[in-house]
Amino acid sequence: MKGAIFHNRYEILDVLGAGGTAIVYKARDIVLNRLVTLKILREQYANDDQFVRRFKHEAQAVACLSHPNIVSIYDVVFDSDSHYLVMEYVEGCTLKQYLEQKGSLPVNETLYIMHQLLDALDHAHKHNVIHRDIKPHNILLDANMNVKVTDFGIAVAISDI
């Protein structure tokens, strides 16, 4: 997949991770010359209406959110060949990886991370979006310890409850 170009715009550079329904890639937007993240629905789910609907729901949930601690969605593509989200690329690691490297964190560092996380969740809740899958794997940290919440795949709008 490395080197593949989607829609004459997004060049795959590397695999960032994989989940049950999607594979996440680091890519370059060759039109805007910036790094992005592509979350591509796995082929076996591309024709499954339930999975496609869930994928679209994630895009819609995050698109209504604009916050410095929530990963931004730049583009969404749903066509017969592939379904993918184009998102902000965060250079860094997950909170899970960070905790594995550092072990226990000092109280002030924990509070710094938690304050940003809670700000992001507060913003989402004020826009009627509940993440429902907050875990260290879905919290990204950049080089300056800025938190970015990602993977709203099972988020739900409060009106849907």
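Residues numbered from 1 in each chain as written. Predicted model: local features only at pLDDT ≥ 70, side-chain atom pairs only at ≥ 80, totals over all residues. Heavy atoms only, no water.

Draft legend 1. Broad picture of the nonpolar core. Counting 32 residues, the largest nonpolar core has Tyr 98, Ile 113, Leu 141 and Phe 152 as its most contacted members. At the level of secondary structure, the elements contributing two or more residues to this core comprise helix 1 (49–63), strand 6 (83–88), helix 2 (95–102), helix 3 (107–126), strand 9 (139–142) and strand 10 (147–149). Look past the residues within four positions of Leu 141 in its chain and what remains in contact with it is Val 90, Glu 91, Gly 92, Cys 93, Leu 95, Tyr 98, Ile 113, Asn 146 and Val 147. Grouped together as the second largest cluster of nonpolar side chains are 11 residues, Ile 12, Ile 40, Val 77 and Tyr 84 included. (Core = buried A, V, L, I, M, F, W, Y, C linked by side-chain atoms within 4.5 Å. Buried < 20%, exposed > 50% of the residue type's maximum accessible area, 1.4 Å probe, protein only. Helix = DSSP H or I, 4+ residues; strand = E, 2+ residues; numbered from the N terminus. Contact = heavy atoms within 4.5 Å.)

Draft legend 2. Region of interest: the sheet that holds strand 7 (residues 92–94). Spatial strand order, 7-9-10: 3 strands in an open sheet with antiparallel pairing. With partners counted over all chains shown, the strands left at the sheet margins are strand 7 and strand 10, one partner each. For this sheet the average axis-to-axis angle between neighbouring strands, irrespective of direction, equals 25 degrees. Bridge count between strand 7 and strand 9: 3 bridges; the pairing is antiparallel. Its bridge partner being in strand 9, Gly 92 is matched across the sheet by Asp 142. Running at roughly 90 degrees to strand 7, helix 2 makes contact with strand 7 and strand 9 of the sheet. Those strands touched by helix 3 are strand 9 and strand 10, and its axis lies near 35 degrees from that of strand 10. (Pairing = 2+ DSSP bridges. Axes fitted to C-alpha atoms, helices over the stretch in contact; angles between N-to-C directions.)

Draft legend 3. Just the sheet that holds strand 2 (residues 10–18), in detail. Taking strand neighbours across the sheet as the criterion, the 6 strands line up as 1-2-3-4-6-5 in an open arrangement whose pairing is antiparallel. Pairing within the sheet leaves two strands with one partner each, and these edge strands are strand 1 (5–6) and strand 5 (73–78). Here strand 4 (residues 34–41) pairs with strand 6 via 5 bridges, running antiparallel. Each bridged residue has a counterpart across the sheet, and for Lys 39 the counterpart in strand 6 is Leu 85. Against the sheet, helix 1 contacts strand 3 (22–29), strand 4, strand 5 and strand 6, and its axis sits at roughly 155 degrees relative to strand 5.

Draft legend 4. Geometry of the packing of aromatic side chains. In the structure shown here, the tally under the stated rule is 2 aromatic pairs. Relative to Tyr 84, the ring of Phe 6 has its centre 5.3 Å away and its plane inclined at 70 degrees; by these criteria the two rings are edge-to-face. With Phe 6 in strand 1 and Tyr 84 in strand 6, this pair connects stretches of sequence that are 78 residues apart. As far as burial versus exposure is concerned, Phe 6 and Tyr 84 are alike and both buried. Seen from their ring centres, Tyr 10 and Tyr 84 are 6.2 Å apart, and the 85 degrees between their planes marks the pair as edge-to-face. (Phe/Tyr/Trp six-rings, centres within 6.5 Å; stacked < 30°, edge-to-face > 60°.)

Draft legend 5. Structural detail: the pairing of strand 2. The pairing of strand 1 with strand 2 spans 2 bridges and is classified as antiparallel. Paired with Phe 6 across the bridge in strand 2 is Tyr 10. Taken together, strand 1 and the strand that follows it, strand 2, pair antiparallel across an intervening segment of 3 residues, in which His 7 is found at a positive phi of about 50 degrees. Here strand 2 runs beside strand 3; their pairing, made up of 7 bridges, is antiparallel. Looking across to strand 3, one finds that Ala 18 is bridged to Ile 23.

Draft legend 6. Local environment of the environment of Asp 151. Relative to the helices and strands, Asp 151 resides in the loop between strand 10 and strand 11 (156–157). In this structure the C-alpha to C-alpha distance between Asp 151 and Leu 118, which are 33 residues apart in sequence, comes to 16 Å. With residues near it in sequence (within four places) discarded, Asp 151 still touches Lys 39, Glu 58, His 131 and Asn 138. For Asp 151, the side chain forms a polar contact with the side chain of Lys 39, separated by 3.1 Å. (Polar contact = N/O pair within 3.5 Å; in protein donor to acceptor, adjacent residues only side chain to side chain.)

Interpretation note: all reported values are geometric properties and have no functional meaning in isolation.
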